[in-house]
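Fold and geometry: a report
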Amino acid sequence: MDSITIARLKLFVLVMMTVFIASSHNLYVLSSAIFILLAYLVFLLSGTQVLYRLKPMLYVFILILAIQIFLNSHGSLSIRIFQGLSAWLKLTTLSLLMLAYTAVSSVSEIARVLSFLPRKIQLMLTITLSLIPVIFKEAQKIYMAQNSRGYNTKSLNMIKNTFPIVIPLLHRILHRSEQIAMIMQSRGFNDE
Amino acid sequence: MTSIDMGIILKNVSFAYGGSEKVLKDISFSILPGTFLGIAGSNGSGKSTLTYLLNGLIPHFIEGKLEGEVMIDGIATSQKNVAYFSRKVGMVFQNPDFSTFNLTVREEIQFGLRNYHIDEGKEKIDRILQQVGLEGYADRDPQSLSFGQKQKVSLAAVIALDPAYIVLDEPSAMLDYRSSCELYSILRNLNKKGNTIIVVEHDTDFLYQFAEEVKVLNEGSVVLEGKTRDVFRKVRILNKLGIKIPNKRKK
Ligand SMILES: Nc1ncnc2c1ncn2[C@@H]1O[C@H](COP(=O)(O)OP(=O)(O)O)[C@@H](O)[C@H]1O
Ligand SMILES: [Mg+2]
């Protein structure tokens with residue numbers, strides 16, 4: 001199989017799995033999807049990187065549950081919790097799925113599979129997708145830098161905790177995506 | 001096209017990034033084919049900005065106000081897109097950590113070749129990797145390499161497109177001495193084969209050893225230019241600009 005076929009196949013699998021997960025309500029199916037993805041990712045990347053990806057999902061979990069319990073008034077409590085749980089499992093699975101896809105696909109590969117789209121959109125999508133693993137690495141670096149300068153992350157205030165990480169992270173991501181765009185153009189990637 | 005048109009010509013070029021004051025001020029010079037040109041200057045003097053002019057990133061990609069004209073082999077950079085000029089002018093950017101974005105060294109090189117529909121066969125890639133001293137690295141992940149090796153990968157990706165001019169922005173900045181020497185001897189070989197080399201460099205020792213001509217930028221203007229030996233003889237001015245006098249014994 002040539003590389004473009006493999007690249008298309010990967011994207012196809014990604015789309016199919018996304019559709020499947022997004023439309024599935026079966027907790028067993030979702031849980032096993034998460035389990036398989038986790039095993040695959042730990043094998044592919046490292047335990048810490050995967051843990052890092054899962055950490056924000058914990059906040060999302062609390063958030064969804066809180067909404068289901070306190071703000072949603074349709075149905076019984078157990079049904080609402082069930083709905084919240086399945087929504088959370090879905091998000092987590094999709095998040096891991098994206099991580100798995102970007103970990104095995106390079107920018108040029110993604111660019112080639114998306115070549116049917118207009119060049120500008122292709123450029124944007126390609127950069128965005130290729131930035132996903134970078135974002136997590138960068139966030140980890142900033143987190144460590146903040147910690148080594150005595151920033152206390154043990155406090156429970158979530159907003160206060162994430163703010164000093166998110167701002168420099170955004171700055172770096174913007175800088176980095178601009179750099180990638182410049183390099184891609186300098187190697188003949190035409191956006192017209 | 002007459003031979004008079006060949007080369008890179010800047011005519012009264014000024015540039016200001018969106019909303020801020022001029023970063024380059026009324027710069028005029030020409031770079032003849034085959035030259036090994038060094039560009040020195042303290043931080044913030046506009047060296048990187050100057051490199052963005054040389055393949056059309058300014059004005060096509062970077063926003064701001066450009067005055068004057070940049071001509072590459074007789075064609076103004078405003079006339080065609082970045083992809084057109086990148087075939088003639090290869091760029092190696094400053095931060096080697098940000099310069100690679102593919103999963104393997106091979107793909108890094110293939111990316112440009114595919115954009116220009118150039119043959120991307122194994123032999124071609126092996127030959128280019130050999131040229132930069134990275135034989136056997138085709139299947140490695142660029143992110144796992146050292147700074148020096150990443151810089152070589154970027155250079156290989158550029159060489160693959162066979163540009164007449166090669167521009168490098170502070171290539172030695174994050175490299176150890178030995179990797180820098182290796183990189184410069186690759187550049188010297190390319191120059192001997194006819195490539196024009198334009199290198200922004202803060203380490204004047206390398207410029208003294210390798211560059212034929214040097215231009216010194218200060219606050220957006222060219223304040224010194226000429227043959228390398230003549231420029232570095234102006235010790236008083238260089239001291240005032242805060243530029244290191246090269247250690248001549250190394251020659
Ligand atoms: N993208 C940008 N937007 C606004 N100002 C910039 C940008 N890039 C550089 N500058 C400013 O332009 C000046 C020259 O920068 P640069 O060309 O990077 O200098 P050098 O490479 O010599 O250090 C600096 O004052 C810098 O702050
Ligand atoms: Mg610079």
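A quick note: this is a predicted structure, and the numbers were derived from the prediction, not measured. (Residues numbered from 1 in each chain as written. Chains lettered and ligands numbered in written order. Predicted model: local features only at pLDDT ≥ 70, side-chain atom pairs only at ≥ 80, totals over all residues. Heavy atoms only, no water.)

Some remarks on the packing of aromatic side chains
All names here are of chain B.
- A full pass over the atoms with the stated rule returns eight aromatic pairs over all chains.
- Considering the side-chain rings of Tyr208 and Phe232, the 6.0 Å spacing of their centres and the 55° angle between planes classify their relative orientation as tilted. Of this pair, Tyr208 sits in helix 8 (residues 204–210) while Phe232 sits in the loop between helix 9 (228–231) and helix 10 (235–241); the two residues are 24 residues apart in sequence, bridging distant segments of the chain.
- We classify Tyr208 as buried; its relative accessible area is 9%.
- What links up through ring pairs into an aromatic cluster is the set Tyr177, Tyr184, Phe206 and Phe210.
- The positively charged end of Lys80 is found above the aromatic ring belonging to Tyr84, 4.8 Å away from the centroid. (Phe/Tyr/Trp six-rings, centres within 6.5 Å; stacked < 30°, edge-to-face > 60°. Helix = DSSP H or I, 4+ residues; strand = E, 2+ residues; numbered from the N terminus. Buried < 20%, exposed > 50% of the residue type's maximum accessible area, 1.4 Å probe, protein only. Lys NZ or Arg CZ within 6 Å of the ring centre and 35° of its normal.)

Quick word on helix 5 (residues 122–131) of chain B
All names here are of chain B.
- Every buried residue belonging to helix 5 is among Lys124, Ile125, Ile128 and Leu129, and all of these are buried. One side of helix 5 holds all its buried residues, which, seen down the axis, span an arc of 130°. Those residues of helix 5 that are exposed and angled more than 90 degrees off the buried face are Lys122, Glu123 and Arg127.
- Tucked into the core, helix 5 has its buried residues touching helix 4 (105–115) and helix 6 (147–159).
- At the exit of helix 5 stands Gly133, carrying a positive phi of roughly 70°. (Arc of directions from axis to C-beta. Contact = heavy atoms within 4.5 Å.)

What to know about the site of ligand 1
Residues and elements named next belong to chain B.
- Tyr17, Val23, Ser42, Asn43, Gly44, Ser45, Gly46, Lys47, Ser48 and Thr49 make up every residue found near ligand 1.
- Contacts to ligand 1 include Gly46, whose backbone N or O atom sits 3.1 Å from an oxygen atom.
- Within the side chain of Thr49, an N or O atom sits 2.5 Å from an oxygen atom of ligand 1.
- A total of 560 Å² of accessible area belongs to ligand 1 in isolation, and the protein chains cover 57% of it.
- By residue number, the principal contributor to the shell around ligand 1 is helix 1 (residues 47–53), which donates three residues. (Near = heavy atom within 4 Å. Polar contact = N/O pair within 3.5 Å; in protein donor to acceptor, adjacent residues only side chain to side chain. Areas by Shrake-Rupley, 256 points an atom, 1.4 Å probe, with all protein chains shown as cover.)

Some words on the sheet that holds strand 1 (residues 8–17) of chain B
Residue and element names in this part refer to chain B.
- Pairing is antiparallel across the open sheet formed by four strands, whose spatial order is 2-1-4-5. What marks the edges here is a single partner per strand, and that holds for strand 2 (22–31) and strand 5 (75–76).
- Bridge count for strand 1 against strand 4 (residues 64–72) is eight bridges, and the pairing is antiparallel. Considered in strand 4, the bridge of Ser14 is made with Glu67. (Pairing = 2+ DSSP bridges.)

Considering the confidence of the model for chain B
- Of all residues in chain B, 97% attain a pLDDT of 70 or more, and the chain-wide mean is 91.
- Taken element by element, chain B is modelled with least confidence in helix 4 of chain B, mean pLDDT 89, and with most confidence in strand 8 (residues 196–200) of chain B, mean pLDDT 97. (pLDDT = per-residue confidence, 0-100.)

Thoughts on the packing of helix 2 (residues 27–44) of chain A against helix 3 (residues 47–71) of chain A
Residue and element names in this part refer to chain A.
- Remark: helix 2 packs on helix 3, axes separated minimally by 7 Å, with the N-to-C direction vectors making an angle of 135°. Considering the angle they form, helix 2 stands oblique to helix 3. Counting all contacts with helix 2, which are made through Leu38, Leu41 and Val42, the residues of helix 3 involved are Gly47, Val50 and Leu54. (Axes fitted to C-alpha atoms, helices over the stretch in contact; angles between N-to-C directions. Parallel < 35°, antiparallel > 145°, perpendicular 65-115°, else oblique.)

Describing the interface of chain B and chain A
- Contacts between chain B and chain A engage 29 residues on the former and 26 residues on the latter.
- Across the interface of chain B and chain A, roughly 2,500 Å² is buried in total on both sides, 60% from carbon and sulfur atoms.
- The three residues of chain B that bury the most area against chain A are B:Phe61, B:Phe98 and B:Phe101, which together make up 29% of that side's buried surface.
- Counting across the chain B and chain A interface gives one salt bridge.
- Linking chain B to chain A there are six residue pairs in polar contact (both at pLDDT 80 or more).
- Elements supplying a minimum of two residues to the side of chain B that touches chain A: helix 3 (82–86), helix 4 and helix 6 of chain B.
- Tallying contributions element by element places helix 4 of chain B first for the side of chain B that touches chain A, with six residues.
- Tallied by class, the residues present in the side of chain B that touches chain A amount to 15 nonpolar, ten polar and four charged. (Buried area = accessible area lost by both parts, 1.4 Å probe. Salt bridge = Lys/Arg side-chain N within 4 Å of Asp/Glu carboxyl O. Nonpolar A, V, L, I, M, F, W, Y, C, P; charged D, E, K, R; others polar.)

Structural notes on empty space enclosed by the protein
- Within this structure, the stated rule accounts for one cavity of 30 Å³ or more.
- Approximately 40 Å³ is the volume attributed to the largest cavity.
- Lining of the largest cavity is provided by A:Ile183, A:Arg187, B:Met91, B:Val92, B:Phe93, B:Ser99, B:Ser154 and B:Val158.
- Looking at the lining of the largest cavity, the elements with two or more residues in it are strand 6 (89–92) and helix 6 of chain B. (1 Å grid on protein atoms, 1.4 Å probe; cavity = no way out; pocket = protein on both sides within 12 Å on 5 of 7 lines; lining within 4 Å. Points joined across faces, edges and corners; volume = space filled by probe spheres on them.)

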